[in-house]
Amino acid sequence: MVADRALEQAYEADDPYLVAASSWSMVQALRDSGRWDAALDLIESGTEILAPYLDRDDTPDDWRGITGALQAEAALVQARRGRHGDAWAAWDRADRWAQQLGPDYRHIQTSFGQAVQGANAVTLGVDLRRSGEALRAARALDEDTIVSVPRRSRHLIEVARAYGQRDEGAAVLALLDKAHRTAPETIGFNGFAKDLLLELSKRPPVGMTKDVRELCQRVGVAA
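For clarity, every value in this text was computed on a predicted model and none was experimentally measured. (Residues numbered from 1 in each chain as written. Predicted model: local features only at pLDDT ≥ 70, side-chain atom pairs only at ≥ 80, totals over all residues. Heavy atoms only, no water.)

1. Section: the overall build of the protein chain
Inference 1: Scanning the protein chain from terminus to terminus reveals twelve helices and zero strands.
Inference 2: Listed N to C, the secondary structure of the protein chain is α-α-α-α-α-α-α-α-α-α-α-α in terms of helices and strands.
Inference 3: The globule rule puts the C-alpha radius of gyration for 223 residues at 17 Å, and the 18 Å found for the protein chain is close to it.
Inference 4: By its C-alpha atoms, the protein chain is 60 × 35 × 30 Å across when sized along the principal axes. (Helix = DSSP H or I, 4+ residues; strand = E, 2+ residues; numbered from the N terminus. Rg over C-alpha atoms; globule rule 2.2 N^0.38 Å.)

2. Regarding the packing of helix α7 (residues 131-139) against helix α8 (residues 149-165)
Inference 1: Close contact between α7 and α8 brings their axes to 9 Å; oriented N to C, the two are set at 145 degrees. The hand of the α7/α8 crossing is left-handed. Touching Ser131, Ala134, Leu135 and Ala138 of α7 are Val159, Ala162, Tyr163 and Gln165, all from α8.
Inference 2: Considering only residue class, the contact of α7 with α8 consists of six nonpolar, two polar and no charged. (Axes fitted to C-alpha atoms, helices over the stretch in contact; angles between N-to-C directions. Left-handed = near helix turned anticlockwise from the far one by under 90°. Contact = heavy atoms within 4.5 Å. Nonpolar A, V, L, I, M, F, W, Y, C, P; charged D, E, K, R; others polar.)

3. As for unusual backbone geometry
Inference 1: Although it is not a glycine, Ser111 adopts a positive phi angle of roughly 65 degrees.
Inference 2: Although it is not a glycine, Arg129 adopts a positive phi angle of roughly 60 degrees.

4. Quick word on the packing of aromatic side chains
Ring pairs (aromatic) are described by centroid distance and by the angle formed between their planes.
Inference 1: Evaluation of the coordinates by the stated rule reveals three aromatic pairs.
Inference 2: Ring centres of Trp88 and Trp91 lie 5.4 Å apart, and the angle between their planes is 65 degrees; this geometry places the pair in the edge-to-face category. Of this pair, Trp88 and Trp91 both sit in helix α5 (residues 84-101), three residues apart, which is roughly one turn of that helix.
Inference 3: Judged by relative accessible area, Trp88 falls into the partly exposed class, the value being 21%.
Inference 4: The side chain of Arg161 reaches across the aromatic face of Phe192, ending 3.7 Å from its centre. (Phe/Tyr/Trp six-rings, centres within 6.5 Å; stacked < 30°, edge-to-face > 60°. Buried < 20%, exposed > 50% of the residue type's maximum accessible area, 1.4 Å probe, protein only. Lys NZ or Arg CZ within 6 Å of the ring centre and 35° of its normal.)

Nothing here speaks to function; it is all geometry.
See below:
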């Protein structure tokens, strides 16, 4: 409801950038509720409204940044629905914007930039159930280049998901512990992290039962 109201206000203001930025927030709500076609339609409309401005010299970089962020969301939507080719095609479109904007650019609202594009590649591999692709992407990315601490924590959770798909519990535990130390509030509200912790509590790695229990207590997961 909050995202929908923001989008409505952006259209009333007749501000293309606000429309695109509000669309980005709404797309995440649609993706998480499984409304994939609606999410992709909103990405398309948000991108189209900015298109006439993107080649102008007086257009702020953030207009290009939110365009890239919308394409990154398209990649995540397609990955969530299991469409490998479409997901990576959208990721490539987003990455062209990230490369054009340069290594030092970061869109504040979305964290879009080259580092987060690397993190998005991990999520694509995980959601597509291709853990090898996810872990290769993780190894290629220095997590410290992700400036946003909550986003860095979420990246660590995504890498933990990849190891979880390989049933490597010790690695999952280590990464979730690091995610908690990085940003406790992020892991506390992350459903994937909680699911991983519940699974670890049922089948803890050898010699790590106490460690699992302690992390569950810190995160607030009843194990």
